[in-house]
Amino acid sequence: MRTEARVDLSAVRHNVAVLAERAAAGAGVMAVVKADGYGHGLVPTARAAVEGGASWLGVAFLEEALAVRAAGIEVPVLAWLTTPGEDLQAAVSARVDLGVYSLAELASAADAARAAGTVARVQLKADTGLSRGGAQPADWPALCEAAAKAEADGTVTVTGLWSHFAFADGGPEHPTNSRQAAVFREALDVAAAAGLQPEVRHLANSAATLTAPATHYDLVRPGLAVYGLSPVPQLGAPGDYGLRPAMTLEGDYGLRPAMTLVSTVALTKRVPAGSGVSYLHRYVTAEATTLALVPLGYADGVPRNATNTAQVQLGGVRRTIAGTVCMDQFVLDVGDDDVHAGDEVVLFGPGDRGEPTAQDWAERLGTINYEIVTRVGARVPRTYQEESA
């Protein structure tokens with residue numbers, strides 16, 4: 001193929017198994033497969049995660065949950081982000097758990113249950129300090145009381161209570177994490193007082209799964225770590241909370257990155273010294289050299305600000321992108337090296353062959369590794385392999 005994102009499904013299974021081992025005794029794993037499996041492919045990674053030991057799956061939107069169900073995957077699935085007016089009936093009929101943040105959302109779930117002739121599975125989310133989705137502490141008692149009444153009426157069953165950390169990637173000793181954990185405990189007490197007895201309580205994302213066992217409750221909810229990327233690259237080994245910007249945790253925790261993004265040299269050409277390269281001539285050759293054209297650009301997810309910054313591997317050598325990243329292509333200055341059309345270019349991968357990693361790209365571009373893998377576009381085919389032991 002001209003370009004492909006190679007996804008190692010055995011790495012996904014391995015990573016979920018590692019996360020299950022790190023989960024506190026009795027805690028299951030909800031593998032988060034939203035955003036097309038963080039760019040790795042929704043259904044293949046969902047299957048691999050379940051095979052690796054995930055007992056739940058988490059997604060953002062209803063269509064993601066329904067795609068999982070259409071693929072025949074029957075483990076419990078939580079979809080946590082809906083908007084007013086969305087048709088919830090199909091999801092309720094498919095036994096998709098619905099994230100509920102407000103009285104209005106609870107009423108919509110109950111209406112969908114009546115229309116479907118079944119009971120809606122809902123999970124109430126408490127806003128413990130992220131100030132995003134979830135009910136504020138002042139609104140939480142009324143939501144719990146209304147949910148208990150809806151349970152008694154037979155329209156809903158509250159399967160879960162949950163929240164989400166704002167600073168888990170800052171390490172377990174960050175004071176915001178302690179405050180949020182305390183607010184969550186209070187929210188659980190309020191729910192219990194209202195008579196709610198959920199199947200699961202969950203708070204820990206990838207970072208907390210790896211570093212904060214006291215927050216694991218009944219489920220851990222890893223996302224990025226499922227795909228083998230560190231959610232806390234600024235931290236050192238477990239128990240060492242000093243900042244280490246160049247350190248990642250893949251080696252410490254045994255995670256393996258699942259995606260390798262590769263392309264192919266489309267053209268090579270010799271150009272003289274002083275040649276401007278790509279739009280705006282933001283790179284000019286210092287001497288006569290060979291340029292290699294790579295057919296991958298910002299329409300495929302290569303950030304435009306990778307211009308003159310990000311590195312790829314070609315011919316066993318890391319090379320910095322030369323000039324402006326275009327919609328469909330970018331250029332490399334390979335000097336006098338023996339490079340030809342058809343040679344493979346590795347943008348990022350696990351790093352064990354010397355290639356850049358998604359974390360390397362993130363650090364050069366001032367972003368997070370989440371963005372690097374999730375932005376790989378639909379024009380790039382995903383191919384699935386079994387590489388890891």
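Residues numbered from 1 in each chain as written. Predicted model: local features only at pLDDT ≥ 70, side-chain atom pairs only at ≥ 80, totals over all residues. Heavy atoms only, no water.

## A look at the sheet that holds strand β6 (residues 120–125)
Phase 1: Strand order in the closed barrel formed by eight strands is β2-β3-β4-β5-β6-β7-β8-β9, with parallel pairing between adjacent strands.
Phase 2: Alignment of strand β7 (residues 156–162) against strand β8 (residues 200–204), held across three bridges, turns out to be parallel. By the bridge assignment for β8, Gly-160 is matched with Val-200.
Phase 3: This element, helix α7 (residues 140–153), spans β5 (96–100), β6 and β7 of the sheet and lies at about 150° to β7. (Pairing = 2+ DSSP bridges. Helix = DSSP H or I, 4+ residues; strand = E, 2+ residues; numbered from the N terminus. Contact = heavy atoms within 4.5 Å. Axes fitted to C-alpha atoms, helices over the stretch in contact; angles between N-to-C directions.)

## Describing the pattern of salt bridges
Phase 1: A full pass over the atoms with the stated rule returns 18 salt bridges.
Phase 2: Between Arg-256 and Asp-352 there is a salt bridge, and its shortest N-O distance comes to 2.9 Å. Here Asp-352 lies in the loop between β18 (344–348) and α11 (358–365) and Arg-256 lies in the loop between α10 (250–253) and β10 (259–264), a separation of 96 residues in the sequence.
Phase 3: Here Asp-328 ties to Arg-379 by a salt bridge, and the two come within 2.9 Å at their closest N and O atoms. Of this pair, Asp-328 sits in the loop between β16 (317–320) and β17 (330–335) while Arg-379 sits in the loop between α12 (369–374) and β19 (382–385), and the two are 51 residues apart along the sequence.
Phase 4: For Asp-328, a relative accessible area of 33% gives the class partly exposed.
Phase 5: Each of Asp-8, Arg-256, Asp-352 and Arg-353 takes part in salt bridges that share partners, so that together they form one network. (Salt bridge = Lys/Arg side-chain N within 4 Å of Asp/Glu carboxyl O. Buried < 20%, exposed > 50% of the residue type's maximum accessible area, 1.4 Å probe, protein only.)

## Topic: the packing of aromatic side chains
Phase 1: Summed over all chains, the structure comprises five aromatic pairs.
Phase 2: For the pair Tyr-38 and Tyr-370, a centre-to-centre distance of 6.4 Å together with 35° between the ring planes defines the contact as tilted. Residue Tyr-38 is located in helix α2 (residues 34–38), and its partner Tyr-370 is located in helix α12; the two are separated by 332 residues in the primary sequence.
Phase 3: With a relative accessible area of 8%, Tyr-38 lands in the buried category.
Phase 4: Ring geometry for Phe-184 and Tyr-217: centres 5.2 Å apart, planes at 85°, overall edge-to-face. Residue Phe-184 is located in helix α8 (residues 175–193), and its partner Tyr-217 is located in the loop between α9 (206–211) and β9 (219–220); the two are separated by 33 residues in the primary sequence.
Phase 5: Under the relative-accessibility criterion, Phe-184 is labelled buried at 1%.
Phase 6: Feature note: the residues Tyr-38, Tyr-227 and Tyr-370 constitute an aromatic cluster, connected by ring pairs. (Phe/Tyr/Trp six-rings, centres within 6.5 Å; stacked < 30°, edge-to-face > 60°.)

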